Every structure is written in C-alpha cells, then in structure tokens.
Amino acid sequence: MTSTTVLEARGRDSATVAVVGGSGATIGWGAAICGAFVIAALSVILLALGAGFGLSSVSPWPGSGASLTTFTVVSAVWLIVVQWLSSAIGGYIAGRLGRAPSGLHPDEANFRDTVQGVLAWAVAAIVTGALLASAVTTLLGGSAAGSAASPNGSSAASSNYFVDSLYRSGTPDAKASADDVRAETGRILAKDLAAKQVPADDRAYMAKLVVARTGISQEDAQKRVDETVAKARQAADETRKAGGRLALFTGFSMLIGAFIAGIAGKIGGDHRDRLTI
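About the thresholds
- Residues numbered from 1 in each chain as written.
- Predicted model: local features only at pLDDT ≥ 70, side-chain atom pairs only at ≥ 80, totals over all residues.
- Heavy atoms only, no water.
- Axes fitted to C-alpha atoms, helices over the stretch in contact; angles between N-to-C directions.
- Helix = DSSP H or I, 4+ residues; strand = E, 2+ residues; numbered from the N terminus.
- Parallel < 35°, antiparallel > 145°, perpendicular 65-115°, else oblique.
- Left-handed = near helix turned anticlockwise from the far one by under 90°.
- Contact = heavy atoms within 4.5 Å.
- Nonpolar A, V, L, I, M, F, W, Y, C, P; charged D, E, K, R; others polar.
- Expected span 1.5 Å × (residues − 1).
- Buried < 20%, exposed > 50% of the residue type's maximum accessible area, 1.4 Å probe, protein only.
- Salt bridge = Lys/Arg side-chain N within 4 Å of Asp/Glu carboxyl O.

Structural notes on the packing of helix 6 (residues 178-194) against helix 7 (residues 200-214)
Remark: helix 6 packs on helix 7, axes separated minimally by 11 Å, with the N-to-C direction vectors making an angle of 160 degrees. It follows from the interaxial angle that helix 6 and helix 7 lie roughly antiparallel. Two packed elements cross with a definite hand, and for helix 6 against helix 7 that hand is left-handed. Only Asp202, Tyr205, Met206, Leu209 and Arg213 of helix 7 make contact with helix 6, whose side of the interface consists of Ala178, Val181, Glu184, Thr185, Ile188, Leu189 and Asp192. In the contact of helix 6 with helix 7, the residues fall into seven nonpolar, one polar and four charged.

Considering helix 6
Between its terminal C-alpha atoms helix 6 stretches 24 Å, which fits the 24 Å expected from 17 residues at 1.5 Å a residue. Taken together, the buried positions of helix 6 are Val181, Glu184, Ile188, Leu189, Lys191 and Asp192. Phi for Lys196, located one or two positions after helix 6, is positive at around 65 degrees.

Points about the pattern of salt bridges
Side chains carrying opposite charge are able to pair once their charged atoms draw close together. The final tally for this structure, using the stated rule, is eight salt bridges. For Arg272, the salt bridge is made with Asp113, and the minimal N-O distance between the two is 3.2 Å. Here Asp113 lies in helix 3 (residues 106-141) and Arg272 lies in helix 8 (residues 218-275), a separation of 159 residues in the sequence. According to the relative accessible area criterion, Asp113 is buried, its value standing at 6%.

Focus on the packing of helix 7 against helix 8
It is the contact of helix 7 with helix 8, at a shortest axis distance of 8 Å, that shows an interaxial angle of 120 degrees. When the axis of helix 7 is compared with that of helix 8, the two are oblique. In this structure, helix 7 meets helix 8 at a crossing whose hand is right-handed. Where helix 7 approaches helix 8, its residues Arg203, Ala204, Met206, Ala207, Lys208, Val210, Val211 and Thr214 are matched on the opposing element by Gln218, Ala221, Gln222, Arg224, Val225, Asp226, Val229 and Arg233. Per-class residue counts for the contact of helix 7 with helix 8 are eight nonpolar, three polar and five charged.

Below, the structure written as structure tokens:
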C-alpha cells in the first residue's frame, strides 16, 4: 500500500490542494507510438501532396512556372505546414490516449502530457528519418550517382582519377569513343572540384582532349576548358547553398513540430481528464 501526503499551498486568492506520493501516471509508450505513427503517416501524405503541387508549378518553358526563389520559399513554408499539422494531430492523439494521472499535482500531469506529445514526435522523426535514409540508399546504391554520393564516393573518384593519369599521353587518341572521353573528363572535374583546385596539368590535358575531339586551336580549347571549370564551380556552389538552405529549413520546421506536438499533447491530456469519470 502506498502512502499519500496531502499538502496545502495557499495562493493569493484561493487554496490549492496537491496530492503527492500516490500512484502517479507514467509515460504511456503505447500512446506515444500511436501518435508517432499518425505523425509519420501524415508527414508522408502531406509531403507527397507538396511534391505533386511543386512539380506542377515548375515549367521548363521560359516565362512560365514559378521561379527558383519562389519555389524555395514555398517549399520552406510547406515543410513548416507539414510539421505543424502532423505534429498537432499526432501529439494530440498521444496525449489523449495517455494514462490518466492519479495522485499527481496538476502541473506535473500537464508536464507529462507535454512530454508524451514530444516523445511521439521524436519517435516519428527517428522512424521517418531511418526509412527515408534507407530508401535513398536503395535507390542510389546501384548507380554511379549512388557511388559518388556514398561516404566512399570521393575516395573512389580519386582512385579512378589516378588510374586514368597512369595512361595519359601527350597526344590523346582522337578515335577514342565519345563516352570514354566524357567519362574521363567528368572524373577529372569531379576530383579537382572536390579538392577545390584544378591543377595546370589537368587543364592542359582537358584542352588536348578538346582539340583531339573538335579540331579547334589549343588556345580556343583552353578558353573552353576554363569556362567549363568556372561553370562547374558555380553549379557546385549553387548546389551547396541550396543544400544548406534546405537543411536550415528542415531543422527549423522540426523544432516547430516538436513544440506543437508538446502543446497538442497537453491539450489532449486536458480533454482526456475532463471526460474521465
């Protein structure tokens, strides 16, 4: 038998009676997992809807469709909306299905209901992240892009680059297939851009490849190589910035989701207690 102690704390206008030491409610993992599944399912549905609307707003034709800036802003807002709606509904369900408090101060009961909602959000975030990571790995695992995007992608590209350098000649073969030439040039650019510098011998060699394939002068070929390197660097920089913005928007939206899930869990707990006989 558990003993209970009744404490009376008088406020400014009224007295509040708190019961301490009874059989307090604990975190209900079943309710938290139910809320987490609701959050994950709604997130997937809303993200799919957002992807559909986003793709329909983009057009390859000039002067039509949303601009890149507009698309980025809308995507950021939609990420926040996804976290807001899914976390609110899932957190509410987790709090509503949680155990009714027994022998707890109302403040402690509210705190535990809030934690119940945040816990549901955390479980959903971990499960969804693991599933998305697994899906991306599966989709990219068998492709060249997958190998380049993998943790060992940079080392593999460097190895191929050094293998190619073993067989370089002062006069590249003009009869080499276009696919082989493009592949070798791509490996050179990938390695040099990752190293943040393009050595002079790589520039000269790529210029010789251009001369062998096109028949233009060495000077014109060198200009073409320099322009291509500059464009590749600009594209890589834009990709880096876009990835950084996406990461910031995702992290911010998830923080909002955690906050909303906690508030919704408390609201769900309040509604549960009002209807508990």
